[in-house]
Amino acid sequence: MKHPAYIPIDPDFFDLFQKEMDKDALKVIYFDTVHYPNLLETGGKATGITDKRKEGQFMTFENGDEVRLDRIIVYNGKPGPAYDEYDAYALAPLTCKAGYDDEDCSA
């Protein structure tokens, strides 16, 4: 499966991420870009944010993990750039359409 295209994030997240990266440990839950909508988790000391021109921006960790910023759902218990996508995906079965566009909700 092709990796989804990088979606630029709100610039405020860079300041929020930096505050969390200044701490000794950071826990991140994010969407797997290969097997969507699987979730992955990583943690430890974040070392920085790198920009890979064609792939997007990534948070790097001392353990070697790299997490694409637009796929972060939660970081240290705070909503990340992909939280709304996660929330919509998780709540889809509760709607009258249950994720389908062709169902009639007027019944």
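Parameters and conventions
For every chain, the first residue of the written sequence is number 1, and numbering continues from 1 onward in sequence order. For a predicted model such as this one, the threshold for reporting local features is a pLDDT of at least 70, and the threshold for listing and counting side-chain atom pairs is 80 or more; totals across whole chains, interfaces and linings nevertheless cover every residue. Side-chain calculation: all heavy atoms of the structure are included, whereas hydrogens and water are not. Under the scheme used here, helices are H or I runs from DSSP no shorter than 4 residues and strands are E runs no shorter than 2 residues, and both carry numbers assigned from the N terminus. Each residue's exposure class comes from its accessible area (1.4 Å probe, protein chains only) as a fraction of the maximum for that residue type: buried when under 20%, exposed when over 50%, partly exposed otherwise. By the convention used here, residues are in contact when the closest approach between their heavy atoms is within 4.5 Å. All accessible areas in this document rest on Shrake-Rupley with a 1.4 Å probe, and a residue is counted as covered only by the protein chains that are shown. Any Lys or Arg side-chain nitrogen located within 4 Å of an Asp or Glu carboxyl oxygen qualifies as a salt bridge. Pairing between two strands is assigned when DSSP locates at least 2 bridges connecting them. For helices, the fitted line uses only the C-alpha atoms of the stretch in contact; every axis is such a line through C-alpha atoms, and the angle between N-to-C directions lies from 0 to 180 degrees. Definition of nonpolar core: a set of buried residues of the types Ala, Val, Leu, Ile, Met, Phe, Trp, Tyr and Cys, connected through side-chain atoms within 4.5 Å.

*Asks:* Would you explain the overall build of the chain in this entry?
*Replies:* A tally of helices and strands in the chain yields 2 helices and 7 strands. N-terminal to C-terminal, the α/β element order of the chain is α-β-β-β-β-β-β-β-α. Expressed as a percentage of the 107 residues in the chain, the buried residues total 27%. Within the chain, counting contacts between residues at least 6 apart in sequence, those at least 24 apart form 45% of the total. Only carbon and sulfur atoms are counted for the fraction: they give 52% of the accessible area of the chain, which is about 7,100 Å².

*Asks:* I'm lost on the pattern of salt bridges in this one. Help?
*Replies:* Side chains that differ in charge, positive against negative, can pair when their charged atoms come close. The tally for this structure, following the rule as stated, stands at 7 salt bridges. A salt bridge links aspartate 70 to arginine 68; the nearest nitrogen and oxygen atoms lie 2.7 Å apart. Each member of the pair, aspartate 70 as well as arginine 68, is classed as buried. Here aspartate 70 and arginine 71 are joined by a salt bridge, their closest N and O atoms 3.9 Å apart. Overall, the relative accessible area of 4% leaves aspartate 70 in the buried class. By relative accessible area, which is 5% here, arginine 71 ends up buried. Linked by salt bridges that have partners in common, Arg68, Asp70, Arg71 and Glu85 make up one network.

*Asks:* Would you mind going over the sheet that holds strand E3 (residues 46–52) with me for this structure?
*Replies:* Sheet strands associate in pairs through backbone hydrogen bonding, adopting either a parallel or an antiparallel arrangement. The 3 strands are arranged E3-E4-E5 in an open sheet whose pairing can be described as antiparallel. Taken across any chain shown, the strands that pair with only one partner, and hence form the sheet edges, are E3 and strand E5 (66–68). Strand after strand, the sheet turns through a mean of 25 degrees between neighbouring axes, direction not considered. Relative to E5, strand E4 (residues 56–61) is paired through 3 bridges, and the arrangement is antiparallel.

*Asks:* Help me understand the sheet that holds strand E2 (residues 39–44) in this model?
*Replies:* Taken in spatial order, the 4 strands line up as E2-E1-E6-E7 in an open sheet, and their pairing is antiparallel. A single partner strand is all that each edge strand has here, and the edge strands are E2 and strand E7 (78–79). Across 6 bridges, strand E1 (residues 26–31) lies against E2 in antiparallel orientation. By the bridge assignment, phenylalanine 31 is partnered in E2 with leucine 39. Contacts from helix H2 (residues 83–91) reach E1, E2, strand E6 (72–75) and E7 within the one sheet, and its direction differs from that of E6 by about 105 degrees.

*Asks:* It is not clear to me how the nonpolar core should be interpreted in this structure. Could you clarify?
*Replies:* For soluble globular proteins, the rule of thumb is that nonpolar side chains tend to be buried together. Judged by nonpolar contacts, the single largest core of 14 residues is most densely connected at Phe17, Leu26, Val28, Met59, Phe61, Ile72 and Tyr75. Breaking this core down by element, the ones donating at least two residues are helix H1 (12–21), E1, E4 and E6. If sequence neighbours within four positions are ignored, phenylalanine 61 has contacts with Leu26, Val28, Thr42, Gly43, Gly44, Lys45, Ala46, Thr47 and Val67.

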